[in-house]
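Per-entry structural report
Below are the chains, spelled out letter by letter.
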Amino acid sequence: MKVRATQLVGGLFALALAASTATGALAQEIKIGLLATLEGPFAAGGQDGMRGAELAVKAHNGMVAGKKITVIKASSDAKPDVAVAAVRKLVEQDKVDVMVGPLSGSEGIAVKNYSKSQPNITFINGSSGAQQTTLQDPSPNFFRFNTDGAQWMVGLGDYALKKGYKKMALIAEDYSFPYSQVHGFMVGYCKAGGRITHKAWVPLGAKDYASVIAALPKDVDALLVVLGGSDAVNFLTQYERAGGDKPLVGGTITVDQTVLNFRGRRREALVGTPTAGPMADNLDTPEWKKFVADYKANFKDGFPSPSLFAFLYYINMKATLEGLEAVKGDLSDGQKKYREALAKLVLKSPAGEIRLDDNRQAIGTTFITEVAKGPDGVFFNKVVATVPNVNQYLGMAKADFDKQGLGSRDVPNCP
Amino acid sequence: MSDWRRAGNLAPARTAWSRPAALKWPESRLGAPARTERGRIATALGAVRVRHVVVLAALIAYPFVVPPFFTFQIGGQTLALGLIALSLSFLAGYGGMVSLAQMTVAGIAGYVYAIFGTTATTDGLTLGWPWWAASLMAIPIATLAATLIGWLSVRTEGIYTIMITLAAGMAFYYLVHQNISIFGGFTGFQAVAAPEAFGIYWRDPLPFYFLSLACALGGYVLIKYTARAPFGVALQGIRDNPRRMAALGFNVTMHRIAAYTLAGFLAAIGGLLLVWYNALVAPGSVDTKALIIVLIIAVLGGFAHPIGPFIGAAIFVLLQNFAIDVVDRLSGGLGLRDRFNLVIGGVFLLIVLFSPDGLLGWWTRLRRRFETAQERSDPRAGR
Amino acid sequence: MRGWTLWWWIAAVVAMVAVSAWAIANNPFKFVSSLLNGITAAALYFLLASGFTLVFGLMRNVNLAHGSLYLLGGYLGWIVADRTDVWLLGVAAGFLSTGILGLLLQVTVFRWMQGEDMRQTMVTIGLSIVLADIMLWVFGGLAYQLDPPRLISTSVPVPVINNYSTYKLVLLAVAVAVGVLLWFFLARTRVGMMIRAGVDDRAMLQASGTNVQIVFALTFAIGAGLAGLAGVLNGGEEAFKPGEDTNVLLFALLVVIVGGMGSIVGAAIGSVLIGVVQAFGLVYAPTYSIVFTFVAMAAVLAFRPQGILGAKA
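Residue indices follow the written sequence of each chain, beginning from 1 at its first position. By the order in which they are written, chains take letters starting at A while ligands take numbers starting at 1. The model is predicted, so local features are restricted to residues of pLDDT at least 70 and side-chain atom pairs to those at 80 or more, both for listing and for counting; the totals for chains, interfaces and linings are taken over all residues.

1. Notes on the interface of chain B and chain C
- We call two residues in contact if the C-beta atoms placed from their backbones are at most 7 Å apart. Counting from both sides, the interface comprises 38 residues of chain B and, opposite them, 36 residues of chain C.
- Where helices and strands are cited, they refer to DSSP runs of H or I of at least four residues and of E of at least two residues respectively, numbered from the N terminus. Elements that contribute at least two residues to the side of chain B that touches chain C include exactly helix 8 (159–178), helix 13 (288–301) and helix 15 (340–354) of chain B.
- If you tally residues by element for the side of chain B that touches chain C, the top one is helix 8 of chain B, at 12 residues.
- Following the grouping adopted for this structure description, the nonpolar residues are Ala, Val, Leu, Ile, Met, Phe, Trp, Tyr, Cys and Pro, the charged ones are Asp, Glu, Lys and Arg, and the polar ones are all others, Gly among them. Residues that form the side of chain B that touches chain C fall into these classes: 26 nonpolar, 9 polar and 3 charged.

2. Some points on the sheet that holds strand 10 (residues 248–250) of chain A
All names here are of chain A.
- Note on pairing: two strands pair once DSSP finds at least 2 bridges between them. Read from one edge of the open sheet, 4 strands run 8-7-9-10, paired in parallel fashion. Looking at strand neighbours, the two that pair on one side only are strand 8 (195–202) and strand 10, the edges of this open sheet. Strand after strand, the sheet turns through a mean of 20° between neighbouring axes, direction not considered.
- Across 5 bridges, the pairing between strand 7 (residues 167–173) and strand 9 (residues 222–226) is parallel. The residue bridging Met-168 from the neighbouring strand is Ala-222, located in strand 9. Lines fitted to C-alpha atoms define the axes here, with helix axes fitted over just the stretch in contact, and angles between the N-to-C directions of these axes take values from 0 to 180 degrees.

3. Observations concerning the environment of Leu-349 of chain B
- Within the secondary structure, Leu-349 of chain B is located in helix 15.
- On the neighbour-count criterion, Leu-349 of chain B (20 C-beta atoms within 10 Å) is buried.
- Once residues within four sequence positions are removed from consideration, Leu-349 of chain B is found in contact with Val-123, Gly-126, Leu-127 and Val-130 of chain C. Think of it as a crowd count around each C-beta: if 20 or more other C-beta atoms lie within 10 Å the residue is buried, if 12 or fewer it is exposed, and in between it is partly exposed, with C-beta placed from the backbone throughout.

4. Here's the deal with the interface of chain B and chain A
- Residue-level contacts link 29 residues of chain B with 30 residues of chain A.
- For the side of chain B that touches chain A, the elements supplying multiple residues, two or more each, are helix 4 (50–65), helix 5 (68–94) and helix 14 (308–331) of chain B.
- A per-element tally of the side of chain B that touches chain A places helix 14 of chain B first, with 7 residues.
- Taken together, the residues that form the side of chain B that touches chain A break down as 13 nonpolar, 11 polar and 5 charged.

5. Some thoughts on the domain arrangement of chain A
Residues and elements named next belong to chain A.
- The domain limits used here are those given by an automatic or database domain assignment. According to the domain assignment, chain A contains domain 1 (28–147 + 287–364) and domain 2 (151–283 + 366–404).
- For domain 1 and domain 2, the distance between their C-alpha centroids amounts to 27 Å.
- Contributions of two or more residues to the side of domain 1 that touches domain 2 are made by helix 2 (43–59), helix 4 (105–115), helix 5 (132–135), helix 12 (308–326) and strand 14 (362–373).

6. A few points about the packing of helix 7 (residues 131–153) of chain B against helix 12 (residues 252–278) of chain B
All names here are of chain B.
- For the pair helix 7 and helix 12, interaxial distance at closest approach is 8 Å and the crossing angle is 145°. Crossing geometry of helix 7 relative to helix 12 is assigned as right-handed. On helix 12, the residues that touch Ser-135, Ala-138, Ile-139, Ala-142, Thr-143, Ala-145, Ala-146, Thr-147, Ile-149, Gly-150 and Trp-151 of helix 7 are Arg-256, Ile-257, Tyr-260, Thr-261, Ala-263, Gly-264, Phe-265, Ala-267, Ala-268, Ile-269, Gly-271 and Leu-272.
- For the contact of helix 7 with helix 12, a count of residues per class yields 15 nonpolar, 7 polar and 1 charged. Each helix crossing is assigned a hand: it is left-handed if the near helix lies turned anticlockwise from the far helix by less than a right angle, otherwise right-handed if that turn is clockwise.

7. A short note on helix 15 of chain B
- Multiplying one less than the number of residues by 1.5 Å gives the expected span of a helix. Over its 15 residues, helix 15 of chain B runs 21 Å from end to end, which matches the ideal 21 Å to within 8%, given 1.5 Å per residue.
- Where helix 15 of chain B is concerned, the buried positions are Phe-340, Asn-341, Leu-342, Val-343, Ile-344, Gly-345, Phe-348, Leu-349, Ile-351 and Val-352 of chain B.

8. Re the pairing of strand 9 of chain A
All names here are of chain A.
- Strand 9 sits mainly inside the fold: 4 of its 5 residues count as buried.
- Direction of pairing for strand 9 relative to strand 10: parallel, over a ladder of 3 bridges. Across the sheet, the residue bridging to Val-225 is Gly-250, located in strand 10.
- Handedness of the β-α-β unit built from strand 9, helix 9 (residues 229–241) and strand 10 comes out right-handed. Crossover handedness is defined here as right-handed if the route from the first strand over the helix to the second strand goes clockwise, with the strands pointing away from the viewer.

9. Re the pairing of strand 11 (residues 274–277) of chain A
Residues and elements named next belong to chain A.
- Side-chain alternation along strand 11 places Pro-274 and Ala-276 on one buried face and Thr-275 and Gly-277 on a second face that is also buried.
- Relative to strand 14, strand 11 is paired through 4 bridges, and the arrangement is antiparallel. Bridging across to strand 14, Gly-277 finds its partner in Phe-367.

10. Some details on the nonpolar core
- To define a nonpolar core, we join buried Ala, Val, Leu, Ile, Met, Phe, Trp, Tyr and Cys residues through C-beta atoms within 7 Å and take the resulting set. Core analysis: the biggest nonpolar cluster contains 353 residues, and Ala-167 of chain B together with Leu-48 of chain C have the highest contact counts within it.
- Among the elements that line this core, the one with the most residues is helix 12 of chain B, at 16 residues.
- The contacts of Leu-48 of chain C, once residues within four sequence positions are left out, are Tyr-70, Ala-227, Ala-230, Val-248, Phe-251 and Ala-252 of chain C.

Spelled out as structure tokens, the structure:
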């Protein structure tokens with residue numbers, strides 16, 4: 001009986017060890033870990049993020065600096081402890097050389113903290129956009145080649161004022177990403193004289209906006225709606241049904257591809273809604289057109305146009321690979337040369353040039369876009385203005401920015 | 001005719017689920033008080049068998065033969081989760097009350113530790129006390145919370161308890177999710193500082209593993225002892241027939257609440273271990289999925305014996321870490337690699353359908369079948 | 001009712017009336033719209049909870065896969081509505097598909113575990129995990145929303161509020177109709193009588209010679225079908241996606257705990273209570289609205305642990 005118990009336990013362990021160590025490390029191979037949320041509320045974004053990263057690898061023909069690229073994927077469900085567990089497995093068990101991910105903001109902060117305990121591995125962001133990741137307590141081996149949530153909204157405030165929206169009401173989800181988005185919007189909007197007279201912070205995942213809609217003031221010129229995914233869909237449906245007719249200004253994920261392509265009736269009322277972000281569906285540059293064409297050709301089951309997540313994962317993976325090319329795959333000496341190369345890298349992304357600042361955070365371009373309807377009935381975001389060289393201090397001096405603090409429910413405020 | 005006979009059987013089906021522990025404990029052990037001539041310690045030492053020593057030796061040798069990842073992520077997590085599942089198993093098996101709020105209690109301990117301790121978070125309240133002070137706050141507060149949850153739940157029975165404890169757990173989840181000034185909201189507390197004492201950083205793989213092992217062993221011994229102590233025996237009596245126990249003069253409600261308190265104490269320790277392991281605590285640590293995972297672990301292992309939850313935790317942690325690889329390997333190019341949740345759910349479903357007493361029950365039946373085969377060949381052998 | 005309990009009730013009612021009067025005077029629009037929102041939310045909760053409580057009342061089976069059935073009904077209803085462009089067909093498909101699935105589950109799985117409450121609950125948990133992953137696999141992570149006919153998708157003028165979503169009112173009407181039909185079914189038909197008898201005393205029902213298995217199968221089918229109906233109907237108002245199943249299950253649990261297990265009328269009362277508390281919370285104290293619903297649940301439990309209309313366990 002005792003023998004059988006140990007046999008059982010031993011067999012289980014053997015199975016686990018075999019499963020885990022079966023991929024022996026080849027000398028001519030670079031292992032890259034890839035983490036995205038494939039479960040839970042961001043599942044659609046995670047799937048597209050993986051597509052974007054795979055596209056970048058394919059653009060390099062699966063080889064970098066003469067070595068084969070092996071991508072080991074892992075999934076999380078937007079929970080920081082699950083993300084860290086997945087990253088720890090990739091780094092310590094699967095022995096990846098470089099780690100790309102995660103997708104959501106709070107996961108990003110947790111992975112950044114973990115990266116400090118692994119100084120010899122380089123961590124590159126996936127799509128997480130929380131301000132704190134690189135502004136508070138940055139990690140020397142965590143690199144983010146995408147701009148953060150606040151940077152994505154810089155310039156939209158001025159554009160809203162140009163459209164005549166002097167007073168606005170805000171509806172946003174009550175957590176860190178919308179805080180950063182509103183922060184980025186209000187920095188420009190408040191400074192130029194705009195006023196946000198009503199802030200409605202709704203719980204994440206709230207489906208019933210009827211009460212919120214009922215409480216909206218009647219005397220505002222427009223609504224600033226910073227909701228994502230199905231929350232945005234619900235709000236738009238209910239707002240329309242309640243007879244709402246104010247023009248909307250959207251956050252970056254309020255009218256992106258994941259929302260414009262949801263399975264339901266297209267909303268004509270959305271056409272013309274301005275928003276801002278690090279990309280636009282109809283950029284006129286050859287690099288962007290090639291990116292979209294490659295995406296469409298490779299992923300028949302993807303969106304009509306790459307979503308935000310595909311784009312962000314693409315540029316981060318692209319930066320990963322270009323850095324490896326720059327050092328000819330030399331990851332010796334604790335990957336020091338690689339990290340120096342990454343810090344100096346000027347990435348030519350499909351949507352403009354991206355450089356890193358001292359905190360290894362991206363400085364890039366923000367595009368002001370409006371929702372438009374194509375001749376084939378497909379909705380997309382078209383560019384109406386471009387804001388280059390947006391940094392993490394949102395155009396303010398560092399001292400002023402630090403004094404104001406990061407975005408929160410009450411910061412900034414201009415009622 | 002047979003319908004009538006079956007219909008006349010009004011007593012509830014005697015299965016593992018209605019009387020979990022009663023079927024599993026051999027008659028001689030159940031209810032036998034410690035023999036006063038030999039004293040309880042001597043009896044306990046006498047009960048140590050060879051297999052106990054072997055398993056203990058294996059557990060101690062484990063971190064020295066496996067890579068640090070296995071020590072920390074597999075071993076440490078198994079022991080911490082197992083401890084929390086043990087608290088559920090104790091309540092369910094010995095007390096007949098299935099509480100889904102054990103992970104909530106663990107989460108409360110984690111949150112209180114983070115609030116009083118040192119973290120890197122700007123939202124939320126962080127007092128920056130040293131780890132021992134924070135721990136000294138966390139355990140009693142979490143145990144008190146468990147008692148409150150118990151007080152709320154003891155007037156219900158059986159299935160109702162599951163629902164009410166689930167609802168209580170969800171209430172806590174929404175509270176910490178929505179509140180930013182104290183609990184840090186959606187992001188929770190990141191970079192929670194683990195203890196550093198006697199020159200050792202206790203979050204390193206080896207120290208953490210042995211710390212968890214010590215706590216898990218402590219919990220295991222505590223439950224085994226309690227099961228045979230008057231309190232535990234009374235609890236089992238209350239589980240089986242509360243009315244009779246009340247008639248005998250036992251305060252049924254207080255006994256049940258005390259059981260919740262004891263279980264809460266174990267869960268609090270497990271929660272402290274988890275927050276040190278994760279170095280963070282967030283609403284995601286106490287959401288529905290986390291609560292149900294503890295139940296899954298307890299069920300996988302079986303309620304019959306305190307070792308059950310640890311076995312269940314080991315299987316769950318292995319599945320969680322390696323199912324994605326196994327599924328990927330087995331499915332080849334079928335694109336099934338993302339379906340690891342299906343694997344975990346499917347395994348759980350299979351176990352519940354075909355071996356409701358968990359793996360321990362399957363193990364016991366296997367042994368019994370092996371023994372009966374022996375009995376057939378040797379008529380003198382018997383129980 | 002004991003003397004002092006009566007006084008508590010009177011005090012509570014007076015307090016509520018006073019607060020409501022103040023709120024109406026303060027901002028009538030907010031109050032009336034919250035009230036209406038609460039009642040229409042209650043409609044959805046009733047659809048959900050009635051199926052859940054029916055299954056538990058008769059078969060003591062806590063179907064924690066109820067949320068998954070909700071979601072499945074929504075997805076399947078969406079597919080049919082999308083293919084045929086007829087919304088009503090989608091609704092029917094949502095109801096029937098989950099009803100049939102419920103029937104199959106009862107006959108193939110739960111029948112063999114009669115009396116083992118805990119085991120059945122565990123099986124439903126496992127089923128919910130498996131179903132959720134299959135749905136994620138097949139339908140992906142996008143949000144789905146059904147497209148009801150134009151006629152009921154606009155808004156109607158309502159006293160005090162100028163525009164109220166017609167669809168929500170339609171949902172309310174449907175829930176009331178379902179409630180009435182259920183009552184009629186349980187109170188006036190033979191099968192309904194058997195179900196009620198079984199809820200009161202299952203063993204006697206078996207002893208009296210009825211084929212209990214058929215009654216159980218029918219009940220589970222109805223309960224599951226109601227979950228799917230709730231899913232496809234609510235899908236016209238709110239988008240559904242992976243993760244909705246746990247949200248929805250939580251509300252079903254809350255309503256049934258408050259209203260009392262096994263009682264349809266209790267489910268109605270519970271859903272109104274929870275719906276109204278949540279709606280008012282969302283408007284007057286949005287941050288902690290959900291916590292308030294739990295406080296309401298705890299308050300009810302403190303006075304009546306078996307729920308408002310539940311039978312003492």
